[in-house]
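Here is what each chain is made of, one letter per residue.
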Amino acid sequence: MDPVTINTTDVMQLSCYVAGKKVKPGHELEVRNPYNNRLVGVVQTATTRDVDNAVSAALKGGTRLTHYERYAILERARHLLVQRKEDFAALISAEAGLAIREARYETERAHDVLLFAAIECLKDDGQLFSCDVSPKGKHRKILSFREPLSLGVCITPFNHPLNQVLHKIAPAIVAGTPVILKPSEKTPLTAIKATELLYEAGLPPHMLSVLLGNTSEVAEPLVKNPAVDIVSFTGSVAVGKRIAATAGYKKVILELGGNDPLIIMEDADLDLAALLAAEGSFRNSGQRCTAVKRILVHEKVQDDFIRKFVHKSREYTCGDPSDPATMVGTVIDEAAAVYLERVTEDAVKAGAKIRLGGARRGALLEPTILTNVPRDADIVVNESFGPLAPVMTFTDINDAITLSNATAYGLSSGIVTRSMEYAMRFIKELKVGTVNINEIPGFRIESSPFGGVKDSGLGIKEGVIEAIKCFSFIKTCSIPW
Ligand code: NAP
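Residues numbered from 1 in each chain as written. Predicted model: local features only at pLDDT ≥ 70, side-chain atom pairs only at ≥ 80, totals over all residues. Heavy atoms only, no water.

Draft legend 1. Representation of the overall build of the protein chain. The helix and strand tally for the protein chain stands at 15 helices and 24 strands. A compact globule built from 481 residues would reach a C-alpha radius of gyration of about 23 Å, and the protein chain, at 23 Å, matches this within 12%. In terms of principal-axis extent, the alpha carbons of the protein chain reach across some 70 × 70 × 40 Å. Burial status across the protein chain gives 57% buried among its 481 residues. In the protein chain, 72% of the contacts between residues at least 6 apart in sequence involve partners at least 24 apart. Of the accessible surface of the protein chain, which amounts to about 19800 Å², a share of 53% is contributed by carbon and sulfur atoms. In the protein chain, which carries 56 positive and 57 negative side-chain charges, the distance between the mean positions of the two groups comes to 5 Å. (Helix = DSSP H or I, 4+ residues; strand = E, 2+ residues; numbered from the N terminus. Rg over C-alpha atoms; globule rule 2.2 N^0.38 Å. Buried < 20%, exposed > 50% of the residue type's maximum accessible area, 1.4 Å probe, protein only. Contact = heavy atoms within 4.5 Å. Areas by Shrake-Rupley, 256 points an atom, 1.4 Å probe, with all protein chains shown as cover. Lys, Arg positive; Asp, Glu negative; His and termini not counted. Charge placed at Lys NZ, Arg CZ, Asp CG, Glu CD.)

Okay, structure coming up:
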């Protein structure tokens, strides 16, 4: 594979890959910059025949990489990513409309994914069991160790075009499992460039194919294919539940939407609360599954908090994503911005007040703070995937816990308090995958377990270390001793 070059000035001409080979030109997918509608790239997409070929190539190629080879590939990919950080950041920003500062941050997270994955290649996590520990025992030992799966399918969303992709492929490489990637059609360019980067780093072509195309021709046949051992999906609840219903007899990992609260108690450091509310609501244009989607503040401190929050949020200027001074870029497309504008207007009709922002230009939506938001408004009942910050009040910790849990979702949460007693109650009583004290819900490191419950997921965690377990199975053997 030639060295990966990325040029976001010209229109990029890219192609899906079946085990390292470009698919035959035919159907094209255009990718436009959400900020200025400029054509960023054109992708040659795949057909059902390419799906069949990718499955066959993966199964034929097998799972023979040594642990050291897996380590070396991931390390080389990490070094290549460091060299091309600016190119990848420019590409993420151009196709997703994310501010360039966010895109740079995403490349740094992706770097960590590759680093932590490479380290895991060199560790054994097997166990030894002595079989003479029971009165009916025998002089034998049982040994457990991890084996690759035959084939995985990874389906990713648009909101972290590079990191989401590597969060699935890198653990699969550690496990030694070949995968077929189906990235979002809204951000395919970064996914294809990441695929090329891995080929350049020495990944055997059969270990990775990247396919895009009509859902009925590509994604659905992949999900249903009986040769696929695991479907690892990150995206919306609706699509996740459809996959769960159609995948058949295979492992299904679902990382779905969120409606995460930031809960501000009456004893909170309100400067910290204002900072966390702004960072949690507006980073990545509010398009993180763990973005703050509801701000719940104790009624005693609401006025002080809202004043500080509005003041802090004025720093989050929105505009041209390629400008390093821009804090908040666009959302993924104009249709998404129009939807967010509508739920904002509906909340206002139901009694909410806009305290900051609210204006939209194309796909650019100002960071928006709303107060007096009714508990049953669409904006807080459903996931509002954008830079909206609806504020609601509560009377005491019981009310805060009830309100927080009164959602179909259960991904993460952030609590701002100085009280250990409050912190412990939230940790025990919130029905979510994560509780972060004095942090945003989205705080994590790339290797820590991550994932939600209820409509946010089935409680099976990802994060580099847990995802390796998903992409492998434990075999045991026993021997006389
Ligand atoms: P989406 O519409 O569900 O799409 C996600 C992926 O699924 C895309 O690649 C999409 O392909 C594909 N897809 C669509 N229909 C499919 C089908 N019938 N079968 C198989 N695959 C299908 O989600 P999105 O709008 O890209 O992403 C935003 C959502 O992801 C939000 O809800 C967010 O909270 C969630 N998310 C969750 C996490 C987490 O870890 N919990 C992390 C990030 C994002 P096309 O692009 O071709 O339609």
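That was the structure; now back to the text.
Draft legend 2. Inspection of a nonpolar patch on the surface at higher detail. Among the surface-exposed residues, Met420, Met424, Ile427 and Ile437 lie close enough to one another that they form a single nonpolar patch of about 360 Å² accessible area. Of the residues forming the nonpolar patch, the biggest block, three residues, is contributed by helix 14 (residues 420–429). Mapped onto the elements of the fold, Ile427 is located in helix 14. With relative accessibility at 41%, the residue Ile427 sits in the partly exposed group. (Patch = residues over 30% accessible without salt bridge, like charges linked within 9 Å, V, L, I, M, F, W, Y side chains within 5 Å. Salt bridge = Lys/Arg side-chain N within 4 Å of Asp/Glu carboxyl O.)

Draft legend 3. Just the packing of aromatic side chains, in detail. This model, assessed by the stated rule, comprises six aromatic pairs. Between Tyr68 and Tyr71, the aromatic rings sit 5.7 Å apart at their centres with planes inclined by 40°, giving tilted as the arrangement. Note that Tyr68 and Tyr71 are positioned in helix 2 (residues 67–83) at a spacing of three residues, about one turn of the helix. Overall, the relative accessible area of 23% leaves Tyr71 in the partly exposed class. An angle of 55° between the planes, with centres 5.8 Å apart, marks the rings of Phe282 and Tyr316 as tilted. Taken together, the residues span a long stretch of sequence, with Phe282 in helix 9 (residues 270–282) and Tyr316 in the loop between helix 10 (302–313) and helix 11 (334–349) at a distance of 34 residues. (Phe/Tyr/Trp six-rings, centres within 6.5 Å; stacked < 30°, edge-to-face > 60°.)

Draft legend 4. Focus on the sheet that holds strand 13 (residues 260–264). Pairing in this open sheet of seven strands is mixed, and the strands run 15-18-19-14-13-21-22 from one edge to the other. Here the strands that pair on one side only, and so sit at the sheet edges, are strand 15 (353–356) and strand 22 (436–437). As paired strands, strand 13 and strand 21 (residues 414–416) are joined by three bridges and run parallel to one another. From the neighbouring strand, Leu262 faces strand 21, where its bridge partner is Gly414. Across the sheet, helix 10 is in contact with strand 13, strand 14 (292–298), strand 15, strand 18 (368–371) and strand 19 (388–394); its angle to strand 14 comes to roughly 145°. (Pairing = 2+ DSSP bridges. Axes fitted to C-alpha atoms, helices over the stretch in contact; angles between N-to-C directions.)

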